[in-house]
Amino acid sequence: MQLHELMNPDYSDNPFLLYRKLHEQGPLIRGGDNVIISGSHAVVEALLNDRRAGKNYMDSVRLRFGNDAARMPVFRGMNRMFLVLNPPEHTRLRGLVMKSFGAKEIQSLREIVLNVANDLADALAGRRSCDLAREFAFPLPVRIICRMLNVPESDAAVLGRSASALVRVFDPQITQEDLLKAGEAFAALEEYFSALIVSRRGSPASDLVSLFLRGENDDDRLQHDEIIANVILLFIAGHETTSNMLCNTVLALHENPMELERLRQDHSLIPAAITECIRYDSSVQMLYRTALDEIEVADHVIARGTSLFLSLGAANHDPAVFSSPEILNIRRREGRSLSFGGGIHHCMGYRLALAELEVALAVLLTRLPDMRPMTGGIRRNNRANLRGISAMPVTW
């Protein structure tokens, strides 16, 4: 299998085809010169937890988009995000914001999520239909992250559109037009957050921007562009992944009416349903790593410098771990979903994402109990990574 095959549009409508193909070809698949793809749960989990499988972001950029791409401002900027860094830089930057995503802090954020979700549901009062993606799923997490960054919610829509264009660079390969749009989006976000950061210097506030700024000291000073890059990361991470996952969850449940009915009858099953839907149709489908040293896994030796494309979607459907993986079962009690990654790069905001998804689903089940998707109008976003839905008309 070659890297470009991961972008086959057939997989957008039916990713199970890709998962089966990856499983059939074995735990380690040659995807090109010095490239390995894996959809094995055991291999993916092992590599995510192995410090020797680290990050070399610019090498992955050159591999996917050519040598010239590494000079583009969008990739130079993203190369400053702690998401793509190794220790000690990763440890330093991640540590600045970890305390904002602890269990205690997320519990207080649940009230904010509930208020925002109910506000969005209130706006649908008296109507019989809407585009759930545009009018509920996408505004919800972007309004939450705006509050965490202390950004005016009136700016949320414009910032959200830029974030949606930028995250295309997480796909294995994209068109030149999408790459150009991603560059323009990064420039717009960079300009916006640069001005915001300047205005927050010296602020005693507890928002995430002020937290980054107070992380500066004489011995370990964060540079202005370093702060910009990581504020942009927090914004896009708190927006696209959750909104796509919420759409995927709603669609998966409605395509499995018996599971949906169980949930309607017993809302206590919501956390388990979210866990299963994240396994079943994850918004994050793939992670990239580089072998920083020689690694032995699955009775094979991976050479130093090898680019590793790890399919979380396929790992979550590995029949060696999950029985009948293509069946949605909200009472499943086996295996561990890898959708939030693993090791030192395990998703920092996973508690917030789970809280948003659980609260949002509870509000939809309570406020719009008769809602059903209009399948003919549903449009997938056709991404190999950050899989989701761009349009979901529903009626009730």
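Just so you know, these numbers come straight off a predicted model, no measurement behind them. (Residues numbered from 1 in each chain as written. Predicted model: local features only at pLDDT ≥ 70, side-chain atom pairs only at ≥ 80, totals over all residues. Heavy atoms only, no water.)

Novice: It is not clear to me how the packing of helix H16 (residues 270–280) against helix H18 (residues 350–367) should be interpreted in this structure. Could you clarify?
Specialist: When two helices pack together, their arrangement is given by the angle between the helix axes and the distance between those axes. Orientation of H16 relative to H18, taken along the N-to-C sense of each, is 115°, at an axis distance of 10 Å. In the crossing of H16 with H18, the sense of the turn from one axis to the other is right-handed. Between H16, through Ile-270, Pro-271, Ile-274 and Ile-278, and H18, the contact on the second element is made entirely by Leu-354, Leu-357, Glu-358, Leu-361, Ala-362 and Leu-365. Tallied by class, the residues present in the contact of H16 with H18 amount to nine nonpolar, no polar and one charged. (Axes fitted to C-alpha atoms, helices over the stretch in contact; angles between N-to-C directions. Helix = DSSP H or I, 4+ residues; strand = E, 2+ residues; numbered from the N terminus. Left-handed = near helix turned anticlockwise from the far one by under 90°. Contact = heavy atoms within 4.5 Å. Nonpolar A, V, L, I, M, F, W, Y, C, P; charged D, E, K, R; others polar.)

Novice: Would you mind going over helix H15 (residues 257–265) with me for this structure?
Specialist: Residues separated by three or four positions in an α-helix point in the same direction, a consequence of the helix having 3.6 residues per turn. All of the buried residues in H15 are Glu-259, Leu-260 and Leu-263. Taken down its axis, H15 places every buried residue within 100° of arc, on the same side. Opposite its buried face, H15 presents the exposed residues Pro-257, Met-258 and Gln-265, each directed more than 90 degrees away. Looking at the buried side of H15, the elements it contacts are helix H14 (240–254), H16 and H18. (Buried < 20%, exposed > 50% of the residue type's maximum accessible area, 1.4 Å probe, protein only. Arc of directions from axis to C-beta.)

Novice: Would you mind going over the sheet that holds strand E4 (residues 129–131) with me for this structure?
Specialist: Across a sheet, strands are paired by hydrogen bonds formed along the backbone, either parallel or antiparallel in direction. An order of E4-E12-E9 is seen for the three strands of this open sheet, with the pairing classed as antiparallel. Because the sheet does not close on itself, it has two edges, and the strands there are E4 and strand E9 (372–373). Relative to strand E12 (residues 393–395), E9 runs antiparallel, the two sharing two bridges. Paired with Arg-372 across the two strands is Thr-395, which belongs to E12. (Pairing = 2+ DSSP bridges.)

Novice: Looking at this model, I keep getting lost on the pairing of strand E5 (residues 286–291). Mind explaining?
Specialist: On a regular strand, one side chain projects to one face of the sheet and the next to the other, so that they alternate. Where burial is concerned, most of E5 is hidden: five out of the six residues are buried. With two bridges joining them, strand E3 (residues 53–54) and E5 adopt antiparallel strand pairing. Each residue of the ladder has a partner; that of Gly-54, found in E5, is Thr-290. Both E5 and strand E8 (residues 307–311) contribute to a ladder of five bridges, which runs antiparallel. Residue pairing across strands places Met-286 opposite Ser-311, the latter belonging to E8.

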